[in-house]
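Analysis of the macromolecular model
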Amino acid sequence: MKKLIFLCLSIIFAFGGEMRVKFSCENVHAVAVLGDTSAAKSFYENLPLELNLKDYAGREKIADLPVRLNFAGDPSSDGKVGDLGYFSPWGNLVLYYKPQPYYEGVINLGKFESGFDEIIKCERVLIQKAD
């Protein structure tokens with residue numbers, strides 16, 4: 001019986017325990033769902049954060065993180081519109097509003113599911129664990 005209860009709890013956590021984060025500035029809100037990676041977990045553990053966003057290369061918004069994220073074992077990737085990423089060489093959080101080709105050191109953290117078009121217009125955001 002104990003094994004069955006443990007199995008049920010494991011399944012509930014696996015399917016209902018996704019990491020969701022809320023970005024806010026003034027009356028603007030956006031929600032992103034993080035992936036199951038070392039970097040995403042490290043980012044989530046460091047919340048809440050208040051960060052300044054600045055435009056970079058006409059394709060992404062970046063913010064300096066106060067800590068380096070653990071990305072051990074995470075593959076590099078590209079950046080698709082609406083993706084949330086980590087640029088490991090500089091330690092930046094990245095919000096992609098135009099596609100970014102594969103680049104060594106770009107680690108995907110997750111994807112925005114709402115509010116992305118408005119949040120990238122903000123200069124300062126509060127990032128918190130979503131309820």
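For the structure itself, look to the data block above.
Strand order in this open sheet of nine strands is 3-11-1-2-10-7-8-5-4, and the pairing throughout is antiparallel. Looking at strand neighbours, the two that pair on one side only are strand 3 (49–52) and strand 4 (54–56), the edges of this open sheet. Averaged over all neighbouring strand pairs, the angle between strand axes comes to 30°, with direction disregarded. This element, helix 2 (residues 38–45), spans strand 1 (20–25), strand 2 (28–34), strand 3, strand 7 (83–87), strand 8 (92–96), strand 10 (106–114) and strand 11 (124–129) of the sheet and lies at about 65° to strand 10.

Taken as a whole, this structure holds six aromatic pairs when the rule is applied. When the centroid spacing of 5.1 Å and the interplanar angle of 85° are considered together, the rings of Phe 87 and Trp 90 count as edge-to-face. A residue is classified by how much of its surface remains accessible, and Phe 87, at 13% relative accessible area, is buried. Classification of Trp 90 as partly exposed rests on a relative accessible area of 49%. Both rings, one in Phe 87 and one in Tyr 103, keep their centres 5.7 Å apart while their planes meet at 45°; by these two values the pair is tilted. Within this pair, whereas Phe 87 is found in strand 7, its partner Tyr 103 is found in strand 9 (residues 100–103), the two being separated by 16 residues in sequence. Members of the aromatic cluster, each reached through a chain of ring pairs, are Tyr 56, Phe 87, Trp 90 and Tyr 103.

Looking now at the pairing of strand 1. In terms of strand pairing, strand 1 meets strand 2 through six bridges, oriented antiparallel. For Ser 24, the partnering residue across the bridge sits in strand 2 and is His 29. Counted along the chain from strand 1 to the antiparallel partner strand 2, the turn is two residues long, and its residue Glu 26 has a positive phi close to 45°. Bridge analysis of strand 1 against strand 11 gives four bridges, and the strand direction is antiparallel. For Phe 23, the partnering residue across the bridge sits in strand 11 and is Ile 127.

Here the focus is the side chain of Asn 92. Relative to the elements of secondary structure, Asn 92 occurs in strand 8. Looking at Asn 92, its side chain comes within polar contact range of the side chain of Asp 64, at 2.9 Å. Contact partners of Asn 92, with chain neighbours within four places excluded, come to Ile 62, Ala 63, Asp 64, Leu 65, Gly 85, Tyr 86 and Phe 87.

Note that side chains of opposite charge can pair when their charged atoms are close. Taken as a whole and assessed by the stated rule, the structure comprises eight salt bridges. Put simply, Glu 118 and Lys 121 hold a salt bridge, and the shortest N to O gap is 3.2 Å. Its relative accessible area of 58% is what places Lys 121 among the exposed residues. One network of salt bridges, with partners in common, ties together Glu 18, Arg 20 and Glu 113.

Residues Leu 47 and Pro 48 are joined by a peptide bond in cis, for which omega reads 5°. Here the phi dihedral of Ala 57 falls at roughly 60°; this positive angle occurs in a residue that is not glycine.

Criteria and cut-off values
- Residues numbered from 1 in each chain as written.
- Predicted model: local features only at pLDDT ≥ 70, side-chain atom pairs only at ≥ 80, totals over all residues.
- Heavy atoms only, no water.
- Pairing = 2+ DSSP bridges.
- Helix = DSSP H or I, 4+ residues; strand = E, 2+ residues; numbered from the N terminus.
- Axes fitted to C-alpha atoms, helices over the stretch in contact; angles between N-to-C directions.
- Contact = heavy atoms within 4.5 Å.
- Phe/Tyr/Trp six-rings, centres within 6.5 Å; stacked < 30°, edge-to-face > 60°.
- Buried < 20%, exposed > 50% of the residue type's maximum accessible area, 1.4 Å probe, protein only.
- Polar contact = N/O pair within 3.5 Å; in protein donor to acceptor, adjacent residues only side chain to side chain.
- Salt bridge = Lys/Arg side-chain N within 4 Å of Asp/Glu carboxyl O.

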